[in-house]
Amino acid sequence: MKQRAPFSRAAVVGGAVLALVVSLSGCGEDSDAAGRDTIHVLVYGDAANKVEKELVATFNKTSKVKAVLDTIPGADYQAKLQTIINSKQAPDVFFNWGGGSIKPFVDAGLLLPLDPFIDKDPDLKAKFLPSVFNSAVVDGTSYGVPMRGTQPVLLFNNGKVLKKAGVEPPKTWDDLLAAVKALKADGVTPIALGGGDRWPTLMWFEYLYDRIGGPELFQKALDGDKDVWASPDSRKALGKIRELVDAGAFGTNYDSVKFTDQGSPTLLATGRAGFELMGSWEYSTQQDAHPEFARSDLGYSAFPSVEGGKGDQANIVGNTNNFYSVLKKTKHPQAVAEFLKLMYSDQFVKAQLGIGNLPTTTNTEGLLDTAASPEFAKFQYDMVKAAPAFQLSWDQAYPQSAATAMYQSLQQFFNGSMDEDAFIEAMQALPTS
C-alpha cells in the first residue's frame, strides 16, 4: 500500500532502458568491486534502510561474494524498478510486495524459483508464518522470502492534540465524526492525508468497504464479479467517504500533501493534525524524523466500527509483508541463498522490532520485549493474530495494470470531481487478470 506505481508487462519485457532516469545509491563498495563477485540488493529507500545496511554488513563479514545495497527513493521505487528490471542495472535481489507486484516478472520469465533453495534449507519457508509466506507463491512456485514485516493499517494520532481538543481515539464512525468536529473547532486539520501520493487515500476505501460489506465484497470484485461495485453496500461505503470529506476531515489541500516527502507525517508530529490513517511503517517514519514525538505522543488504534456493517471490527487491511525476490540471471545464486537466511535470524527480528516493524517469523513473539516500543509491537502482533480477515491492499491484490485507473478514480471521487455512478463504472472497468 505504501509507495505504489503501475507495472506494465510491455515495459518489463521491452528493450529500451532510460538509464539516465535511474538513480541508485550503492553502499559500501567501489565501482570496480561492484563489477566482480558481488550481489546487488535493491530496496525501497526509507527509514527502514538502517536495518538493511546492518544485515548487508553482517553478510559481508563472512561471505567471499559481497553484497551491495542499492536504494531507490520511495515515491519512485516501482516505476524505476520497472525500468531497470530487464537491463544491465538490474539487481540480483529486490524488495517487493509479493502477489500482483511480482506476477508480471514471473510471467516474463525474469525471476528465479526459490523452491530449490528451500529444498536445501527448509527454514527459508518453515521459519515464516505460512499465510504470509504464501503471498509470494505464484502458480504454486515460491518467488519471495519475507523481509521487513507485516504492515496492518492503523489510525495513528497525536495524543497531545487529542487531549487538548477533548477527543479520544474513535471506536465507532460516529465517534470519528465527533472527533473531526472537535478538532476543527480547535483549529487543527482533523486528519492528515497525503493525497498527492494517492495510495494513502485508498486506505479509507479499503476499510470502509470492509466494515460495511465485509471482506467478501472486495474478494468478489477481485474474482471478477463487477456487479458488487454497484451494490447497496458499495454505495453506502461511498456515502460514508463523501460524508467524511464534506465534514472537512482532511482540510482543503490534501491533494498537494504527500506522505513520501514527509508532508503528512510532519502535520501529525507537529500538532497541525490530529489523526493519520497509515500503515504500521508510520512508527518507523516518525521514529526517524520526529523521535521525541514517537516516544511521547504518537498514539494508535484500530479503525472504527460502522453501525449496521457486515465486517468484523477486528478485520484489518494493509500489506501482509514485504519480500525479497531473486533475478534468474544472478551469477551468484548460492550467495543469494545465504543472504536470504538472514531474514529469519534473531538479529533480523530484533533490528526490525527496534524500528517499529513486526517480522512474521516464528521466533518473533518471543522477542517482542526487545522492540523500540514493546507496547506497539504487541498491539500489532495481537491485532494481526486476532484478525478474522486481513485484506491485502487493493492496488497489490489487483493486477498492476489496474493501478493507474484505480488511483485516478479514488482521487477524483474523493475530491468531488467524479460522482458515485462514474466511480462505480470506473471500478467495474478495472482488469482483474
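Everything numeric here is computed off the predicted structure, so don't read it as measured data.

Here we look at the pairing of strand β2 (residues 38–45)
Of all the eight residues making up β2, seven are buried; the element is thus mostly covered by neighbouring parts of the structure. One ladder, built from eight bridges, connects β2 with strand β3 (residues 66–73); its direction is parallel. Residue pairing for β3: Thr 38 is matched across the bridge by Lys 66. Taken together, β2, helix α3 (residues 49–62) and β3 constitute a β-α-β crossover, and its handedness is right-handed. Bridge count between β2 and strand β4 (residues 93–96): two bridges; the pairing is parallel. Within β4, the residue paired with Leu 42 across the bridge is Phe 94.

Brief notes about the environment of Asp 92
Summarising the element assignment, Asp 92 is placed in the loop between α4 (77–84) and β4. Among all residues touching Asp 92, those that are not within four sequence positions of it are Thr 38, Ile 39, His 40, Ser 325, Val 326, Leu 327, Thr 330, Lys 331 and Val 336. A distance of 2.6 Å separates the side chain of Asp 92 from the side chain of Thr 330, its partner in a polar contact.

Regarding the nonpolar core
If you look at the biggest cluster of nonpolar residues, it comprises 72 residues, and the most contacted ones within it are Trp 204, Phe 205, Leu 244 and Phe 250. Ranked by the residues each element gives to this core, the list is headed by helix α11 (residues 199–213), at nine residues. When residues no more than four places from it in sequence are discounted, the contact partners of Phe 250 are Thr 189, Ile 191, Leu 193, Trp 204, Leu 244, Val 245 and Phe 414.

Quick word on the packing of aromatic side chains
The geometry of an aromatic ring pair comes down to the distance between the two centres and the angle between the two planes. Counting across every chain of the model gives 31 aromatic pairs. Taken together, a centroid distance of 6.2 Å and an interplanar angle of 65 degrees make the contact between Phe 205 and Phe 413 edge-to-face. Taken as a pair, Phe 205 in helix α11 and Phe 413 in helix α21 (residues 403–414) lie far apart in primary sequence, 208 residues in all. Taken as a pair, Phe 205 and Phe 413 share a single burial class, namely buried. Where Trp 229 meets Trp 394, the ring centres are 5.5 Å apart and the plane angle is 75 degrees; that geometry is what we call edge-to-face. Here the residue Trp 229 occupies a position in the loop between α12 (215–222) and α13 (232–246), and Trp 394 occupies one in helix α20 (residues 394–397), the gap between them amounting to 165 residues. An aromatic cluster of at least three residues, connected via ring pairs, comprises Trp 204, Phe 205, Tyr 207, Phe 250, Tyr 254, Phe 303, Phe 413, Phe 414 and Phe 423. One Lys or Arg, Arg 242, reaches over the ring of Phe 413 and ends 4.9 Å from the middle of that ring.

Side note on the side chain of Ser 264
Looking at the secondary structure, you find Ser 264 in helix α14 (residues 263–269). Residue Ser 264 is classed as buried on the basis of its relative accessible area of 0%. Discounting residues that sit within four places of it in the chain, Ser 264 has contacts with Ala 192, Leu 193, Gly 194, Val 257, Lys 258, Phe 259 and Glu 276.

Things to note about unusual backbone geometry
The phi angle at Asp 139 is positive, at roughly 55 degrees, despite the residue not being glycine. Within the secondary structure, Asp 139 sits in the loop between β5 (137–138) and β6 (141–142). A positive phi angle, near 75 degrees, is found at Arg 198, a position not held by glycine. Among the secondary structure elements, Arg 198 is positioned in the loop between β9 (189–192) and α11. Here Arg 198 falls in the partly exposed class, since its relative accessible area comes to 23%.

Notes on the pattern of salt bridges
Applying the stated criterion across every chain yields a total of 16 salt bridges. A salt bridge links Lys 164 to Asp 186; the shortest N-O distance between them is 3.2 Å. In this pair, Lys 164 is assigned in helix α9 (residues 159–165) and Asp 186 in the loop between α10 (173–185) and β9, connecting sequence segments 22 residues apart. Taking relative accessible area as the criterion, Lys 164 reaches 62% and is therefore assigned exposed. Between Arg 295 and Glu 292 there is a salt bridge, with the nearest N and O atoms lying 2.7 Å from each other. Residue Arg 295 and its partner Glu 292 are located together in helix α16 (residues 291–296), separated by three residues, close to a single helical turn. Relative accessible area serves as the criterion here: at 47%, Glu 292 is assigned to the partly exposed category. Salt bridges here are not isolated pairs; linked through shared partners, they connect Asp 46, Glu 52 and Arg 148.

Reading the values: the criteria
Residues numbered from 1 in each chain as written. Predicted model: local features only at pLDDT ≥ 70, side-chain atom pairs only at ≥ 80, totals over all residues. Heavy atoms only, no water. Buried < 20%, exposed > 50% of the residue type's maximum accessible area, 1.4 Å probe, protein only. Helix = DSSP H or I, 4+ residues; strand = E, 2+ residues; numbered from the N terminus. Pairing = 2+ DSSP bridges. Right-handed = clockwise from strand over helix to strand, strands pointing away. Contact = heavy atoms within 4.5 Å. Polar contact = N/O pair within 3.5 Å; in protein donor to acceptor, adjacent residues only side chain to side chain. Core = buried A, V, L, I, M, F, W, Y, C linked by side-chain atoms within 4.5 Å. Phe/Tyr/Trp six-rings, centres within 6.5 Å; stacked < 30°, edge-to-face > 60°. Lys NZ or Arg CZ within 6 Å of the ring centre and 35° of its normal. Salt bridge = Lys/Arg side-chain N within 4 Å of Asp/Glu carboxyl O.

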